[in-house]
Amino acid sequence: MKSRKTLADVAAAAGVSKMTASRALRGDKDVSKANIERVKQAARKIGYYGNQFASSLSSKHTDLIGVVVPSLSNIVFPQVMSGVTDALKGTLLQPVFGVTGYDPETEYETLRNMLSWRPTGLIVTGLDQPPETRQLLKDAGVPVVQIMDIDGHPVDACVGFSHSEAGHDIATALYETGLRRFGYVGRNLDKDLRAAKRKQGFQSALRDHGLAFADITDGSDFSVDVTTLSAVDCGRRLTADLLKRQPDLDCIYFSNDDLAFGGLCHCISAGINVPGDVALAGFNGLGLIEGFPGKIATSRTARKQIGEQAARMILETLEHSAAEMEKLHILKPEISLGELAVPNSKPD
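Residue numbers restart at each chain and count upward from 1, following the sequence in its written direction. This being a predicted model, a pLDDT of at least 70 is required before a residue's local features are given, and a value of 80 or more before pairs of side-chain atoms are given or counted; all residues contribute to the totals for chains, interfaces and linings. Side-chain metrics rest on all non-hydrogen atoms present in the structure, leaving aside hydrogens and water.

**Student:** I'd love a proper account of the pairing of strand β4 (residues 144-147), names of residues and values included.
**Tutor:** The buried label goes to any residue with under 20% of its type's maximum accessible area, the exposed label to any with over 50%, and the partly exposed label to all in between, with areas taken from a 1.4 Å probe on protein chains only. Secondary structure elements follow DSSP: runs of H or I no shorter than four residues count as helices, runs of E no shorter than two count as strands, and numbering proceeds from the N terminus. Here β4 shows no split at all, with Val 144 and Gln 146 on one side and Val 145 and Ile 147 on the other all buried. Of the pairings in the sheet, the one linking strand β3 (residues 121-125) to β4 comprises 4 bridges and is parallel in character. What sits directly across from Ile 123, in β4, is Val 145. Orienting the strands away from the viewer, one traces the path from the first strand over the helix to the second; a clockwise path indicates a right-handed crossover. One crossover worth recording links β3 to the parallel β4 by way of helix α7 (residues 131-138), and it is right-handed. Alignment of β4 against strand β5 (residues 157-160), held across 3 bridges, turns out to be parallel. Directly across from Val 145, in β5, lies its bridge partner Ala 157. Any two strands between which DSSP finds at least two bridges are classified as paired.

And the structure:
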């Protein structure tokens, strides 16, 4: 087995001292650009990758930013991760990602393992962690930015938007187009607490106008275990079931665009005009619905920008006093009603 290349090997290959090689790899401003480039090229040529753990023993932290997201099953969180990666380009910091599957125990173990790597900062999805996980974050000793939600109490800093407000706002916008009989399709709301908040916000807006959901389905009373289905297939099946029970609905609100797209697939196959016969509304503003212009109303979220802002908040905290940093950034979703933008003629 070949031995791992050392810093001394890099220095020899670059024709500089070991100290210069070390400083060049850290991007030290006192090292000339020519030497930095020479050392980096030498390290690449011989396959040197360093020892971050050893470095962390002296510096207290590695050059890692831990990023914890609940899912990669649609484009939402990959776009958040893309924003984090873009914001860290040109720095010595490297993001590492963990996926929890919306499971609190997995989230706790992921964060515990990440903290054992001595990261420079943490980006964590949501504000609704159990007490033991919140304690981990409070005691982390590094900048912590919680993302995608502001409905709660952040441990440190926060960037995102109010999900309850997002649900309320799109319900109000849909009501103003003349829609009155609403149904709801969602799943896993016991785990996806942000979707549950949007549902509550939507219901609050309906109550403001003396309305309520005519029917709700989350698959709990469905003959097929919807947790085994893709979100699109789940949306298709649950929409068919809901419209069988409530064929005169004006609008169905879905917990996300994947489910809404499944609902659209059912309507197309069943010859149901969208939005003429029934309007469909989702959440996130995903690209997959843009192939069907004007069909699905949605709330477009600034996913990539949220990732970028979270990473920048950590960078700013590292460069300046944490007490000087703004702790809350709100990036409110944009409502898109498509063909429902002009009020229709449905009566009260």
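Anyway, onward from the coordinates.
**Student:** So, the packing of aromatic side chains: which residues are in play, and what are the values?
**Tutor:** In summary, the pairing rule links any two rings of Phe, Tyr or Trp, Trp by its six-membered ring, whose centres are within 6.5 Å, and it sorts them by plane angle into stacked for under 30 degrees, edge-to-face for over 60 and tilted for everything else. Counted by the stated rule, this structure contains 6 aromatic pairs. Here the aromatic rings of Phe 182 and Phe 202 are separated by 5.6 Å at their centres, their planes lie at 75 degrees, and the arrangement is edge-to-face. Residue Phe 182 is found in strand β6 (residues 182-185), and its partner Phe 202 is found in helix α9 (residues 193-208); the two are separated by 20 residues along the sequence. Across this residue pair, the class does not change: Phe 182 and Phe 202 are buried. Ring centres of Tyr 184 and Phe 213 lie 5.5 Å apart, and the angle between their planes is 50 degrees; this geometry places the pair in the tilted category. Taken together, the residues span a long stretch of sequence, with Tyr 184 in strand β6 and Phe 213 in the loop between α9 and β7 (215-217) at a distance of 29 residues. Since its relative accessible area comes to 13%, Phe 213 is described here as buried. One aromatic cluster in this structure is built from Phe 182, Tyr 184, Phe 202, Phe 213 and Tyr 253. The lysine or arginine in question, Arg 198, covers the ring of Phe 283, its NZ or CZ lying 3.8 Å from the ring centre. Two limits define a charge over a ring: the Lys NZ or Arg CZ must be within 6 Å of the ring centre, and within 35 degrees of the ring normal.

**Student:** Pulling in residues and values, what's your account of the sheet that holds strand β8 (residues 251-254)?
**Tutor:** Pairing between the strands of a sheet comes from backbone hydrogen bonds, and it takes one of two forms, parallel or antiparallel. Taken in spatial order, the 6 strands line up as β7-β6-β8-β9-β10-β12 in an open sheet, and their pairing is mixed. Strand pairing shows two members of the sheet lacking a second neighbour, β7 and β12 (334-336), which therefore form its edges. Shown here is a sheet whose adjacent strand axes are inclined to one another by a mean of 15 degrees, direction ignored. Set on the sheet, α9 makes contact with β6, β7 and β8; between it and β6 the angle comes to about 175 degrees. Only the stretch in contact is used when fitting a helix axis, every axis being a line fitted to C-alpha atoms; angles between N-to-C directions are given from 0 to 180 degrees. Two residues qualify as a contact provided that any one of their heavy atoms is within 4.5 Å of a heavy atom in the partner residue.

**Student:** Pulling in residues and values, what's your account of the layout of surface pockets?
**Tutor:** The volume enclosed by the second largest pocket comes to roughly 500 Å³. If you go around the second largest pocket, you meet 25 residues; those closest to its centre are Ser 73, Asn 74, Tyr 102, Asp 192 and Asn 256. Considering every element that reaches the lining of the second largest pocket, the biggest residue donor is α9, with 3 residues. For this scheme, ten residues count as nonpolar: Ala, Val, Leu, Ile, Met, Phe, Trp, Tyr, Cys and Pro. Four count as charged, namely Asp, Glu, Lys and Arg, and the remainder, Gly too, count as polar. Per-class residue counts for the lining of the second largest pocket are 10 nonpolar, 9 polar and 6 charged. With a 1 Å grid spanning the protein atoms alone, the term cavity applies to any set of points in which a 1.4 Å probe fits but cannot get out, the term pocket to an open set with protein on both sides within 12 Å along at least five of seven lines, and the term lining residue to any residue with an atom within 4 Å of a point. Grid points are joined across faces, edges and corners, and a volume is the space filled by probe spheres set on the points.

**Student:** Outline the nonpolar core, listing residues and values.
**Tutor:** The set of buried Ala, Val, Leu, Ile, Met, Phe, Trp, Tyr and Cys residues whose side-chain atoms join them within 4.5 Å is what this entry labels a nonpolar core. The biggest cluster of nonpolar side chains holds 27 residues, and the ones touching the most others in it are Ile 65, Leu 88, Ile 123, Val 145, Ile 147, Met 148 and Val 159. Mapped onto this core, the elements with two or more residues apiece are β1 (64-69), α5 (76-88), β4, β5 and α12 (303-319). Top contributing element to this core by residue count: α5, with 7 residues. With sequence-adjacent residues up to four places away left out, Leu 88 is seen in contact with Ile 65, Leu 93, Pro 95, Ala 311 and Leu 315. Core analysis: the second largest hydrophobic core is formed by 21 residues, Ala 173, Leu 174, Ala 279 and Leu 337 among them.

**Student:** How would you summarise the sheet that holds strand β11 (residues 328-330) if you had to cite specific residues and measurements?
**Tutor:** Read across the open sheet, the 6 strands follow the order β2-β1-β3-β4-β5-β11; overall the sheet is parallel. Whereas interior strands pair on both sides, the edge strands pair on one side only; in this sheet they are β2 (94-99) and β11. Neighbour-to-neighbour, the strand axes of this sheet turn through a mean angle of 15 degrees, independent of strand direction. The sheet contact formed by β1 and β2 spans 6 bridges and is parallel. Among the inter-strand pairings, Val 67 is bridged to a residue of β2, identified as Phe 97.

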